[in-house]
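Coordinate analysis (summary)
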Amino acid sequence: MAMANEGWKSELTARLSRVMPEPEASLCLPLIEEIRALKAEGGAVVVAHNYQVPQITAGVADFTGDSLAMARYAATTEAPTIVVCGVRFMAETTRLLCPTRRVLLPAIDAGCSLADSVTAEGVRALRERYPGVPIVAYVNTTAAVKAEVDICCTSANAVEIVESLQAPRVIMLPDRYLASYVATRVACEIIPWAGACEVHERFSAEDIAPFRNSDVVVLAHPECPEDVQAAANFVGSTTAMSDYLIRTRPARALLLTECSMADNITVAHPGIRFERPCNLCPHMKRITLERVRDSLRDGTTQIVIDASIAERARLPLDRMLALRT
Ligand code: SF4
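Cut-offs and rules
- Each chain carries its own residue numbering, running from 1 in the written order of its sequence.
- Note on the predicted model: pLDDT of at least 70 is required for a residue's local features to be given, and 80 or more for side-chain atom pairs to be given and counted; whole-chain, interface and lining totals, by contrast, use all residues.
- Computation of side-chain values: all heavy atoms of the structure, hydrogens and water removed.
- Only a single heavy atom is needed: when it lies within 4 Å of a molecule or strand, its residue is near that molecule or strand.
- Here the term cavity refers to a set of points on a 1 Å grid, laid over the protein atoms alone, in which a 1.4 Å probe fits but cannot get out; the term pocket refers to an open set having protein on both sides within 12 Å along at least five of seven lines, with lining residues being those that place an atom within 4 Å of a point.
- Should more than half of a molecule's atoms lie within 2 Å of a pocket's or cavity's grid points, that molecule is taken to sit in it.
- As a working rule, the residues Ala, Val, Leu, Ile, Met, Phe, Trp, Tyr, Cys and Pro are called nonpolar, Asp, Glu, Lys and Arg charged, and the rest polar, with Gly in that last group.
- A pair of strands is labelled paired if DSSP reports no fewer than 2 bridges between them.
- A run of H or I in DSSP becomes a helix once it reaches four residues, and a run of E becomes a strand once it reaches two; helices and strands are each numbered from the N terminus.
- Each axis is a line fitted through C-alpha atoms, and for a helix only the stretch in contact is used; angles between axes span 0 to 180 degrees, taken between their N-to-C directions.
- Aromatic rings from Phe, Tyr and Trp, with only the six-membered ring used for Trp, were paired whenever their centres fell within 6.5 Å, and each pair was classed as stacked if the ring planes differed by under 30 degrees, edge-to-face if by over 60, and tilted otherwise.
- Working rule: Lys NZ or Arg CZ, within 6 Å of ring centre, within 35 degrees of ring normal, means a charge sits over the ring.
- Grid points are joined across faces, edges and corners, and a volume is the space filled by probe spheres set on the points.
- Working definition of a nonpolar core: buried Ala, Val, Leu, Ile, Met, Phe, Trp, Tyr and Cys residues. They are joined through side-chain atoms within 4.5 Å.
- Residue burial is assigned from relative accessible area. The probe radius is 1.4 Å, only protein chains are included, and a residue is buried under 20% of its type maximum, exposed over 50%, and partly exposed in between.
- In what follows, residue pairs with any heavy atoms lying within 4.5 Å of each other are defined as contacts.
- Whenever a carboxyl oxygen of Asp or Glu lies within 4 Å of a side-chain nitrogen of Lys or Arg, that contact is scored as a salt bridge.
- The handedness rule is simple: strands pointing away from the viewer, and a clockwise path from the first strand over the helix to the second, make the crossover right-handed.
- These domain boundaries are the output of an automatic or database domain assignment.
- A 1.4 Å probe defines the accessible area here, and the buried area is the portion of it lost by two parts on being joined, summed over both.
- We define a polar contact as two N or O atoms separated by no more than 3.5 Å, with the added condition that, inside protein, one atom must be a possible hydrogen donor and the other a possible acceptor, whereas residues neighbouring each other in sequence contribute only through side-chain atom pairs.

Concerning the site of the ligand
- For the ligand, the full set of nearby residues is Tyr 51, Val 87, Cys 112, Ser 113, Asn 140, Cys 197, Val 199, Glu 223, Cys 281, His 283 and Met 284.
- In a pocket analysis with a 2 Å cut-off to the grid points, the ligand is assigned to the largest cavity.
- Residue classes in the shell around the ligand are distributed as seven nonpolar, three polar and one charged.

Dropping the structure here:
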């Protein structure tokens, strides 16, 4: 048993050492061990977003992926407690899809500039201004906003969701760049909301310029500005980026998204050299191993959604999931 215990520690240290000095990787181990014991004790699962640091994704997460995949994975388990290593809207989505479980967000103050850019009142004002026009909300929205819209989408399925509506005009919120990405790929008119992700909006085509005419493959998230998307070799969600890299295995790549994404791919699939720049999300980085431990131990960072909002917010998510895009 002790041998098996030492086995996972040395294997994890070796993987983490691909992205940090080995002494730093070893320093995380006692906390990771403590979290693993708390998880086993309470039958909890930990889901982590691709933008979480490798100490969390490789060290304590049972599943790592995009926000919807996290919630979907959690729903397939029987765990009474789900710890969401991400931001608040992700924990809310998990709670909506797992209404009978206890959902913990280790940093209860982990918000999101994009989700905060639109309110339920803002959506109601849109309804009045554009009567009869369907409203699609990116999953990066609060439960209160989801309660006001017709259907949800992710960055991976946004085009298919809009096409499924077969409407001449569709409102998309809150990300203006995702809306413009979709507008170039569908036949209908897209009415965008003016929100943006503070992490992806900071990228510019100048970030890509040094890599033109080189072997560096440039991948951009659809939350990046239009000129960045136009200059990239591939545009897609975090899951699509990861699948693309694992499939094509370029020698060098530039990921125009949150920095931990490249670290997590390096830990799981070494061999690709990632170039900079990348941008950090300050909200995602509020989640730390200490906070995960405290959340599991104390259970004080529970996500609760008002029942009347939850009931309505679940509908647009269910409609999206029913389309199986
Ligand atoms: Fe929000 Fe952007 Fe951070 Fe994601 S990366 S949590 S969209 S601010």
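Brief notes about the sheet that holds strand E5 (residues 135–138)
- The four strands are arranged E6-E5-E7-E8 in an open sheet whose pairing can be described as parallel. The two strands at the open ends of the sheet, each matched to only one other strand, are strand E6 (151–153) and strand E8 (189–192). Neighbour-to-neighbour, the strand axes of this sheet turn through a mean angle of 35°, independent of strand direction.
- In this structure, E5 lies alongside E6, joined through three bridges in parallel fashion. Within E6, the position partnered with Ala 137 by the bridge is Cys 152.

A word on the packing of aromatic side chains
- Counted under the stated rule, the structure contains two aromatic pairs.
- Seen from their ring centres, Phe 63 and Tyr 73 are 4.8 Å apart, and the 10° between their planes marks the pair as stacked. Of this pair, Phe 63 sits in strand E2 (residues 63–65) while Tyr 73 is found in helix H5 (residues 67–76), placing the two residues 10 residues apart along the sequence.
- Arg 36 extends its terminal NZ or CZ atom over the ring of Trp 8, reaching a point 3.8 Å from the ring centre.

Description of empty space enclosed by the protein
- For the structure on display, the rule yields one cavity of 30 Å³ or more.
- Its volume calculated, the largest cavity comes out at about 320 Å³.
- Contributing to the lining of the largest cavity are 30 residues, with His 49, Tyr 51, Met 90, Asn 140 and Glu 223 lying nearest its centre.
- Every element with two or more residues in the lining of the largest cavity is listed here: H5 and helix H6 (88–97).

Some remarks on the nonpolar core
- Met 172 and Val 182 are the most contacted members of the largest nonpolar core, which has 108 residues in total.
- One finds Val 118, Val 123, Tyr 130 and Val 149 within the second-largest nonpolar core, a separate group that totals 12 residues.

Some details on the environment of Ile 305
- Examined against the element boundaries, Ile 305 turns out to sit in the loop between helix H15 (289–298) and helix H16 (307–322).
- Along the sequence, Ile 305 and Ala 144 sit 161 residues apart, while their C-alpha atoms lie 8.9 Å from each other.
- Every residue in contact with Ile 305, bar those within four places of it in the chain, is listed here: Glu 92, Arg 95, Leu 96, Ala 143 and Ala 310.

Some points on the pattern of salt bridges
- If you walk through the whole model with that rule in mind, you get 21 salt bridges.
- The partner of Asp 62 in a salt bridge is Lys 39, and the shortest N-O contact between them spans 3.1 Å. Remark: Lys 39 occurs in helix H3 (residues 29–42) and Asp 62 occurs in the loop between helix H4 (54–57) and E2; sequence separation between them is 23 residues.
- Given a relative accessible area of 37%, Asp 62 falls into the partly exposed group.
- Judged by its relative accessible area of 11%, Lys 39 is buried.
- Measuring nitrogen to oxygen at the nearest pair gives 3.8 Å for the salt bridge that ties Arg 176 to Glu 201. In this pair, Arg 176 sits in helix H10 (residues 176–183) while Glu 201 sits in the loop between E8 and helix H11 (205–208), placing the two residues 25 residues apart along the sequence.
- Judged by relative accessible area, which is 32%, Arg 176 ranks as partly exposed.
- The partly exposed category is assigned to Glu 201, whose relative accessible area is 32%.

Quick notes on the pairing of strand E11 (residues 252–256)
- Within E11, four of the five residues are buried, which leaves it mostly tucked inside the rest of the structure.
- Bridge count between strand E9 (residues 216–220) and E11: five bridges; the pairing is parallel. Bridging from a neighbouring strand, Val 217 pairs with Ala 253 of E11.
- Crossover handedness for the path E11 to helix H14 (residues 259–268) to strand E12 (residues 273–275): right-handed.

Focus on the domain arrangement of the chain
- What the domain assignment lists for the chain is domain 1 (2–111 + 284–298), domain 2 (115–197) and domain 3 (205–275).
- The interface is formed by 12 residues belonging to domain 1 together with 13 residues belonging to domain 3.
- Per-residue buried area on domain 1 facing domain 3 is highest for Arg 18, Asn 50 and Tyr 51; these three make up 48% of the total on that side.
- One can count one salt bridge joining domain 1 with domain 3.
- A salt bridge links Glu 258 to Lys 285; the nearest nitrogen and oxygen atoms lie 3.0 Å apart.
- At the surface where domain 1 touches domain 3, the tally comes to 10 residue pairs in polar contact (both at pLDDT 80 or more).

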